[in-house]
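# Architecture and fold: a report
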Amino acid sequence: PASGGEASGGADAQEARREATEDAIERPLSLNEQRMDAVVSALRELGAQSVVDLGCGEGRLLGLLLKERGMGRLLGIDVSLRSLERAAERLNLERLPPTQRERVQLAQGALTYRDRRIDGFDAACAIEVIEHMDAPRLPAFEQALFGFARPRAVVITTPNSEYNVRFPGLPE
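Residues numbered from 1 in each chain as written. Predicted model: local features only at pLDDT ≥ 70, side-chain atom pairs only at ≥ 80, totals over all residues. Heavy atoms only, no water.

## A short note on helix 2 (residues 31-46)
For helix 2, with 16 residues, the first-to-last C-alpha span of 22 Å sits near the 22 Å given by 1.5 Å per residue. Taken residue by residue, helix 2 has Q34, R35, M36, V39, V40 and L43 as its buried positions. Close packing links the buried residues of helix 2 with strand 1 (51-54), helix 3 (60-66), strand 4 (123-127) and strand 5 (153-157). A positive phi of about 70° marks G47, the residue just after helix 2. (Helix = DSSP H or I, 4+ residues; strand = E, 2+ residues; numbered from the N terminus. Expected span 1.5 Å × (residues − 1). Buried < 20%, exposed > 50% of the residue type's maximum accessible area, 1.4 Å probe, protein only. Contact = heavy atoms within 4.5 Å.)

And the structure:
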């Protein structure tokens, strides 16, 4: 038989779990999370069903898009093979059901060259990528994206502080 102390301990543990859950729900979103949510929202509003993530890194955006209803073909491109390996791990590509697995591809590539793999997408995203490019390479990126791939929409974000005013609650 349980003593009153054990029952109380169980109630305390349950209360602590409930408080931890509330704290997690109420914690402020990081700037990166706010940006990602804004990008997903923009893609949803655009009605994009196919998205190429240029400079996908470890696949954070792709993971969010895999959860979106109506999102079909997804392609993550990155110059770093190691980042692509991490993205495959983060997305659990090896364990995804075949119908989910068919929706997403990862590929190594440079964003400054024409690449037929990025042609024909509803939207292209470059999330916190463009600031890593050397200024002399930007015209090549522009031409590869807007002149060659020509997606219906392009979403580009940067971590520049002057744009933080778009996200309420951030320190000045």
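Picking up after the structure, the text goes on.
## Some points on the packing of aromatic side chains
What the rule picks out here adds up to zero aromatic pairs. Here R73 stacks its cationic end above the ring of F121, 3.8 Å away from the centre of that ring. Here the guanidinium or amino end of R137 rests over the ring plane of Y113, the centre of that ring lying 5.7 Å away. (Phe/Tyr/Trp six-rings, centres within 6.5 Å; stacked < 30°, edge-to-face > 60°. Lys NZ or Arg CZ within 6 Å of the ring centre and 35° of its normal.)

## Some points on helix 4 (residues 81-90)
Inspection of helix 4 places S83, L84 and A87 among the buried residues, and these make up the whole buried set. The buried side chains of helix 4 occupy one side of the element, clustering within an arc of 100° when seen end-on. As for helix 4, its buried residues are in contact with strand 2 (74-78) and strand 3 (104-108). Two residues or fewer past helix 4, N92 is found with a positive phi of approximately 55°. (Arc of directions from axis to C-beta.)

These figures capture arrangement, not role.
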